[in-house]
Amino acid sequence: GASWEDGKGDDEGYIADSRMKELYPVMPVANVFSVQVEHMDWSHMYHCPVFMTSQRGGTYVVQVNARMDPDDNDEGHWVLAGAALLMSDD
């Protein structure tokens, strides 16, 4: 699982390993805006799938870019952990 590490000061938050016994961590409000591809910085991004329910599969909605810790350069860690955002807490 994953949770969200809050930003400190002016820093943005980033995806982090989940805390023990925290089943439903609160995720921040996502700001959605368009950026031209040539101006986008793709470094340290996890392409996180968003699902309607925990059943995943056919409930896929969209993929969002979640910022990773600058020291973490391998999004494979999050893929293997099955990190995803769910739109319901079923």
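The rules behind the values
- Residues numbered from 1 in each chain as written.
- Predicted model: local features only at pLDDT ≥ 70, side-chain atom pairs only at ≥ 80, totals over all residues.
- Heavy atoms only, no water.
- Phe/Tyr/Trp six-rings, centres within 6.5 Å; stacked < 30°, edge-to-face > 60°.
- Pairing = 2+ DSSP bridges.
- Helix = DSSP H or I, 4+ residues; strand = E, 2+ residues; numbered from the N terminus.

### A closer look at the packing of aromatic side chains
Now for step 1: Overall, the coordinates contain one aromatic pair when judged by the stated rule.
Now for step 2: A centroid spacing of 5.9 Å and a plane angle of 70° characterise the contact between F51 and Y60, whose relative ring orientation is edge-to-face.

### Examining the sheet that holds strand β4 (residues 60–67)
One key point about sheets: their strands pair by backbone hydrogen bonds, in either a parallel or an antiparallel sense.
Now for step 1: Pairing in this open sheet of three strands is mixed, and the strands run β4-β3-β5 from one edge to the other. Each of the sheet's edge strands pairs with one partner strand only, and the pair in question is β4 and β5 (85–86).
Now for step 2: Relative to β4, strand β3 (residues 45–51) runs antiparallel, the two being bridged by seven bridges. Paired with M45 across the two strands is R67, which belongs to β4.

The quantities given are spatial measurements derived from coordinates; they are silent on function.
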